[in-house]
Amino acid sequence: MAQPEPEHKKIFFENLSGAGKAIAVLTSGGDAQGMNAAVRAVVRMGLYVGAKVYFIHEGYQGMVDGAEHIIEASWESVSSMLQVGGTVIGSARCKEFRSHEGRLKAALNLVKHGITNLCVIGGDGSLTGANLFKEEWSGLLSELKEQGSIEADAVQKYSVLHIVGMVGSIDNDFCGTDMTIGTDSALHRIIEVVDAIMTTAQSHQRTFVLEVMGRHCGYLALVSALACGADWVLIPEMPPEDGWEEKMCQKLSANRAGMKRLNIIIVAEGAIDSSNTPITTDYIKNLVVRCLGFDTRVTILGHVQRGGTPSAFDRILASRMGVEAVLALLETTANTPAYVVSLSGNQAVRLPLMECVQMTQEVQKAMDEKRFEEAVRLRGRSFENNLRTYKLLAHRKPECELPVSNFNVAVLNVGAPAAGMNAAVRSAVRVGISEGHKMFAVNDGFEGFSKGQIKEIKWADVGGWTGQGSSLLGTKRTLPAKHIEKIAEQMRKNNINALLIVGGFEAFESLLQLYDARATFEEFCIPMCMLPATISNNVPGTDLSIGADTALNAIVETCDRIKQSASGTKRRVFIIETMGGYCGYLASVGGLAAGADAAYIYEEPFDIKDLQANVEHLTEKMKGSIQRGLVLRNENSNDNYTTDFIYQLYSEEGKGVFDSRKNVLGHMQQGGAPSPFDRNFGTKISAKAMQWVTKKLLETFRQGRVFANSDDSCCLLGMRRRALVFQPVVQLKPETDFVHRIPKEQWWLKLRPLMKILAKYKTSFDVSDSGQLEHVVRNRPLESDVSAAM
């Protein structure tokens, strides 16, 4: 269990003043969705702590050219940019900055504005350039003094240049971070196209070969293949073995023979074979047509992957990293190296920039020298785990090669449906079969279990499930205690040796009931594991749940449209009601991603004075250039201050300044196709859970039967900060508020001050959870139990 920070370690950023400091932000290299969210966060956090903040337009070219390219930013200048893709301050590749003379011009332009704090958003090339600039800084100032361009006191005053980088790259090719800004949005674009192509491919029984970006990194190709269940994937880090063409055609043919009407092959643009020869989409198309005679088409996604609105994940990531970058700049000293702020699991970290760059360069060197296994390892835990999981799920071993376990494992969904449940079930079924188990599917949760709605499920039965929303098995909220004897009878009748439950808070309660039932029914003395799947993200023992990301994207997309509906009209405030029961995750994190002015939740009690203060705050903002306001309310945040009440209050108190509208989002948050994150998260934690089940079955098999009654044989698999952890459910009881169906401590509450700060509220912000300086380490061996979510 993650322990709370000791009180003496808590630092509030009121003690970190930016007064007298000037911070400049620039975007460089290729653009990526979410860069604008990062720029917005840097500007507003910088202004909040009292610093001057400047835009540098057109990247390093703007720094070299100076003049109108370096402009002081205001709070209002970053309004309405959160949902915009690309980078509104422009990005350009600059040959001049690579020269000493160019960097000399850039230094002069920064000194003219008193800028000694630089936040660079870009890839490894941009960040390497920033580090070189920092190293040369004192020499450049001395040179400018000798030229008479600056005074001697300026050399002393601006003697140190502080650099903090954020990685903006859709390729996710930077070592040291699990996800770079823009990657998740690019995956959204790819999966949208793949889902659309799959319907037409199925209609005509076609094979589609899709090329995605990734000249030197196969992350997009690999994760999109995992997220859509592609038949074959080709990436630069792991070239196929000699003879791969025949193996691929055999697999495509076998899939068609198994009544599958389409084939999807995903190719990274930098895919190569073992001889370092490029593998092109046309080569694959001609191969399939020549060998199999299948109707085959090629689609090259190109710059579609860079465009469009940033996903909820990218907005939150970029906002967190932007705030973290400013905090890092406030804490730097003359001896502090250039940082890059990044994400490890669910935790912000600060890493020495050049350590990350050198590790990234090592990957390319390993690939050039054909040390491909090392290249995969250097990419990091997340990449390695993705590749391992894809191989496990995509390539079925022949029956003669499968281990024979003689164990029966049942999988079922419990509680409300959540997008990503089907991906988790597919993964469990296929990994279970690969481990030699006989897999059983239970329809309609424990209610269906009690009625005997259980049948064996095969490898091919779950084909195409990854992209399906809701629950194909069917799910009910019914808890097992009501039918415990009948469920025990069905367990005995079908000789069930292990149980995997995918669901929300009801699944957690169900597992506790089954654990208690062990005292009466030996049928439940088996390994049992639960995977959290609920849009509310209210399950104890995990920071994230399957389905929550899809719901967040639904909320954010709707808020974008609602705000856009007020464009060109008079000033307007929208009050939006979200789901979540008593858990304020969707309202709070959705509010951060959508740029909300306030989010009312049960976990943070509020009264009429707070409501009045929010109205006054919005009234003040609306008198300026801000024209739209957004307020989110969790459905059970308060019994008396309902959505209608808040709407009427805002309407009355805002008269003459703004009018109000309300919207209840309802079950649209629960529907739709799962996001790439939820598909991938569900797939990977389910695979990990099944491997745990296999291990426990072997450990507890004695004298011809399975008998497991220890606490650690009845677990929830959850993500805790930076690791996936199996936790006995009985140990999670003290952490749980069963009346309101929420954990007693929730990590995302620390994000709420960020939303308030970015909405211009004065608030205390505990920075004890901010990133600490760490060092890049080589990935631990394959058998490591630690794995990031994505």
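Because the structure is a prediction, the values reported are computed rather than measured. (Residues numbered from 1 in each chain as written. Predicted model: local features only at pLDDT ≥ 70, side-chain atom pairs only at ≥ 80, totals over all residues. Heavy atoms only, no water.)

Peer 1: Any chance you could explain the pairing of strand E6 (residues 207-212) here in plain terms?
Peer 2: Walk down a regular strand and you will see the side chains alternate between the two sheet faces. The buried fraction of E6 amounts to six of the six residues, a majority that puts the element mostly inside the structure. With burial as the criterion, each face of E6 is covered, one bearing Thr207, Val209 and Glu211 and the other bearing Phe208, Leu210 and Val212. When E6 meets strand E8 (residues 263-268), the two strands line up parallel, connected through six bridges. Looking across to E8, one finds that Leu210 is bridged to Ile266. Relative to strand E9 (residues 296-300), E6 runs parallel, the two sharing five bridges. If you follow Thr207 over to E9, its bridge partner there is Thr296. (Buried < 20%, exposed > 50% of the residue type's maximum accessible area, 1.4 Å probe, protein only. Helix = DSSP H or I, 4+ residues; strand = E, 2+ residues; numbered from the N terminus. Pairing = 2+ DSSP bridges.)

Peer 1: Help me understand the sheet that holds strand E3 (residues 70-72), please; the structure alone is not making it clear to me.
Peer 2: Read across the open sheet, the seven strands follow the order E3-E2-E1-E4-E5-E10-E11; overall the sheet is mixed. Unpaired on one side and paired on the other, E3 and strand E11 (347-352) mark the two borders of the sheet. Strand-to-strand twist across the sheet, computed as the mean angle between neighbouring axes with direction ignored, equals 25°. Direction of pairing for strand E5 (residues 162-167) relative to strand E10 (residues 339-344): parallel, over a ladder of three bridges. Counterpart to Met166 in the pairing with E10 is Val341. (Axes fitted to C-alpha atoms, helices over the stretch in contact; angles between N-to-C directions.)

Peer 1: Is there a simple way to think about the sheet that holds E8 in this case?
Peer 2: Hydrogen bonds between backbone groups are what pair the strands of a sheet, and the pairing can be parallel or antiparallel. An order of E7-E8-E6-E9 is seen for the four strands of this open sheet, with the pairing classed as parallel. The open sheet has two edge strands with one neighbour each: strand E7 (232-234) and E9. When strand polarity is set aside, the average angle formed by the axes of neighbouring strands in this sheet is 15°. Here three bridges tie E7 to E8, and the two strands are oriented parallel to one another. Bridge pairing in E8 links Leu234 to Val267. Running over the sheet, helix H6 (residues 183-204) touches E6, E8 and E9 and is turned about 165° from E6. (Contact = heavy atoms within 4.5 Å.)

Peer 1: Can you walk me through the pairing of E11 in this structure?
Peer 2: Within E11, six of the six residues are buried, leaving the element largely enclosed by the surrounding structure. Inspection of the sheet shows E10 paired to E11 by six bridges, in the antiparallel sense. Paired with Val340 across the bridge in E11 is Leu351. Between E10 and E11, which pair antiparallel in sequence order, lie two residues; one of them, Gly345, sits at a positive phi of approximately 65°.

Peer 1: For this particular structure, what's the right way to read the packing of H6 against helix H7 (residues 219-228)?
Peer 2: The description of two helices packed together rests on the angle between their axes and the distance between the axes. At a minimum axis distance of 10 Å, the contact between H6 and H7 shows a crossing angle of 50°. One way to sum up the angle between H6 and H7 is to call them oblique. Both H6 and H7 take part in a crossing whose hand is right-handed. In this structure, H6 uses Thr183, Ala186, Leu187, Ile190, Ile191, Val194 and Met198 to contact H7, whose residues at the interface are Tyr219, Leu220, Val223, Ser224, Ala227 and Cys228. Split by residue class, the contact of H6 with H7 holds 11 nonpolar, two polar and no charged. (Parallel < 35°, antiparallel > 145°, perpendicular 65-115°, else oblique. Left-handed = near helix turned anticlockwise from the far one by under 90°. Nonpolar A, V, L, I, M, F, W, Y, C, P; charged D, E, K, R; others polar.)

Peer 1: What should I look at first to understand unusual backbone geometry in this one?
Peer 2: Glycine aside, the phi torsion of most residues is negative, and most peptide linkages are trans. Within the chain, Glu58 stands out as a residue other than glycine whose phi angle is a positive 65°. Tracing the backbone shows Glu58 in the loop between strand E2 (52-56) and helix H2 (59-65). On the basis of relative accessible area, Glu58 is assigned to the partly exposed category, the value being 32%. Despite not being glycine, Gln205 shows a phi value in the positive range, around 55°. Tracing the backbone shows Gln205 in the loop between H6 and E6. Judged by its relative accessible area of 39%, Gln205 falls in the partly exposed class.

Peer 1: Just checking my understanding: could you explain the side chain of Thr550 for this structure?
Peer 2: Along the chain, Thr550 falls in helix H18 (residues 548-564). Side-chain polar atoms of Thr550 contact the backbone nitrogen of Ser675, separated by 2.9 Å. Those residues in contact with Thr550 that sit more than four places away from it in its chain are Ala419, Gly671, Ala673, Pro674, Ser675 and Asp678. (Polar contact = N/O pair within 3.5 Å; in protein donor to acceptor, adjacent residues only side chain to side chain.)

Peer 1: What is the right way to read helix H22 (residues 676-700) from this model?
Peer 2: The periodicity of an α-helix, 3.6 residues per turn, causes residues three or four positions apart to be oriented the same way. Helix length check: H22, at 25 residues, gives a terminal C-alpha distance of 36 Å against a target of 36 Å (1.5 Å per residue), a fit within 8%. Counted residue by residue, H22 has 21 buried out of 25 residues, so it is predominantly covered. (Expected span 1.5 Å × (residues − 1).)

Peer 1: Got a minute to help me understand a positive patch on the surface in this structure?
Peer 2: On the surface, Arg93, Lys95, Arg98 and Arg215 cluster together to form a positively charged patch. The exposed category is assigned to Arg215, whose relative accessible area is 55%. (Patch = residues over 30% accessible without salt bridge, like charges linked within 9 Å, V, L, I, M, F, W, Y side chains within 5 Å. Areas by Shrake-Rupley, 256 points an atom, 1.4 Å probe, with all protein chains shown as cover. Salt bridge = Lys/Arg side-chain N within 4 Å of Asp/Glu carboxyl O. Lys, Arg positive; Asp, Glu negative; His and termini not counted. Charge placed at Lys NZ, Arg CZ, Asp CG, Glu CD.)

Peer 1: Looking at this model, I keep getting lost on the pattern of salt bridges. Mind explaining?
Peer 2: Any two side chains of opposite charge can pair, on the condition that their charged atoms come close. With the rule as written, the count across this model stands at 33 salt bridges. Here Glu604 and Lys756 are joined by a salt bridge, their closest N and O atoms 2.7 Å apart. With Glu604 in the loop between strand E19 (598-600) and helix H20 (608-622) and Lys756 in helix H24 (residues 752-758), the pair connects residues that are 152 residues apart, well separated along the chain. Residue classification places Glu604 among the partly exposed positions, given a relative accessible area of 28%. Overlapping salt bridges, with partners in common, bring together Arg477, Glu506, Glu509 and Arg741 in one network.

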